Amino acid sequence: MKSTKDIIDLLLETEIKTVVFVHKEGGWAYSAGTFILLAADFAIVHPTASIGACQPQEMFGQEEKVTEKVIEGTVSWIKSLAERNQRNPEIAEKFVRENLTLTGKEAKEMGII
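Residues numbered from 1 in each chain as written. Predicted model: local features only at pLDDT ≥ 70, side-chain atom pairs only at ≥ 80, totals over all residues. Heavy atoms only, no water.

Caption draft 1: Region of interest: the overall build of the chain. Assigned secondary structure in the chain consists of five helices and five strands. Computed over C-alpha atoms, the radius of gyration of the chain comes to 14 Å, within 12% of the 13 Å expected from 2.2 N^0.38 for 113 residues, which places it in the range of a compact globule. Put simply, of all contacts in the chain between residues at least 6 apart along the chain, 55% involve residues at least 24 apart. The centroid of the 13 positive side-chain charges in the chain is displaced by 4 Å from the centroid of its 17 negative side-chain charges. (Helix = DSSP H or I, 4+ residues; strand = E, 2+ residues; numbered from the N terminus. Rg over C-alpha atoms; globule rule 2.2 N^0.38 Å. Contact = heavy atoms within 4.5 Å. Lys, Arg positive; Asp, Glu negative; His and termini not counted. Charge placed at Lys NZ, Arg CZ, Asp CG, Glu CD.)

Caption draft 2: The arrangement of helix α4 (residues 89-97) in detail. All of the buried residues along α4 are Pro89, Ile91, Ala92, Glu93, Phe95 and Val96. Contact partners of the buried residues in α4: α2 (32-39), β4 (50-52), α3 (68-84) and β5 (101-103). Between a side-chain oxygen at the N-terminus of α4 and the backbone nitrogen of Glu90 the separation is 2.9 Å; the capping residue is Asn88. (Buried < 20%, exposed > 50% of the residue type's maximum accessible area, 1.4 Å probe, protein only. Polar contact = N/O pair within 3.5 Å; in protein donor to acceptor, adjacent residues only side chain to side chain.)

Caption draft 3: Local environment of helix α1 (residues 2-13). Taking 1.5 Å as the rise per residue, α1 with 12 residues should run 16 Å; its terminal C-alpha atoms sit 16 Å apart, in good agreement. Burial in α1 covers these residues: Thr4, Ile8 and Leu11. All buried residues of α1 fall inside an arc of 55° around its axis, so they share one side. Set apart from the buried face of α1 by more than 90 degrees, the exposed residues are Lys2, Ser3, Leu10 and Glu13. Next to the buried residues of α1 lie α2 and α3. (Expected span 1.5 Å × (residues − 1). Arc of directions from axis to C-beta.)

Caption draft 4: Here's a closer look at the layout of surface pockets. Approximately 260 Å³ is the volume found for the largest pocket. Met1, Ser31, Gln55, Pro56 and Gln57 are, among the 10 residues lining the largest pocket, the residues nearest its centre. For the lining of the largest pocket, the class distribution of residues is six nonpolar, four polar and no charged. (1 Å grid on protein atoms, 1.4 Å probe; cavity = no way out; pocket = protein on both sides within 12 Å on 5 of 7 lines; lining within 4 Å. Points joined across faces, edges and corners; volume = space filled by probe spheres on them. Nonpolar A, V, L, I, M, F, W, Y, C, P; charged D, E, K, R; others polar.)

Caption draft 5: Quick look at the packing of aromatic side chains. All chains considered together, the criterion is met by two aromatic pairs. For the pair Trp28 and Tyr30, a centre-to-centre distance of 4.9 Å together with 15° between the ring planes defines the contact as stacked. Measuring from centroid to centroid gives 4.8 Å for Phe35 and Trp77, while their planes differ by 35°, and the two rings are tilted. On the criterion of sequence distance, the pair formed by Phe35 in helix α2 and Trp77 in helix α3 is long-range, its members being 42 residues apart. (Phe/Tyr/Trp six-rings, centres within 6.5 Å; stacked < 30°, edge-to-face > 60°.)

Caption draft 6: Quick peek at unusual backbone geometry. Its identity is not glycine, yet Lys24 carries a phi of approximately 70°, on the positive side. Tracing the backbone shows Lys24 in the loop between β1 (19-22) and β2 (28-30). Residue classification places Lys24 among the exposed positions, given a relative accessible area of 56%. For Asn99, which is not glycine, the phi dihedral falls at a positive 55°. Assignment of secondary structure puts Asn99 in the loop between α4 and β5.

Here's what the structure looks like:
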């Protein structure tokens, strides 16, 4: 998550308006891509592309399980990014808690982009 945070910090600190575009039919932004999308000033997703599914997971066979503390912190972070850009924080929360995925069309209808 450190790399994700580093990218988001750059997006949040710049005075230049930022745009993240998930393009093309079948394109996607999951995990870090969803966080980065929500951090941008403008979030654009092709109607048939897909976003979401960003619940933290243990990696590379680590025995440590993802703790409730990590989940709660991640939920708070994604909701704050959504709220910063006047996007639906409840849907953002579901990306983490439920690994919700949406098409671009659904994301627009639900106010996340």
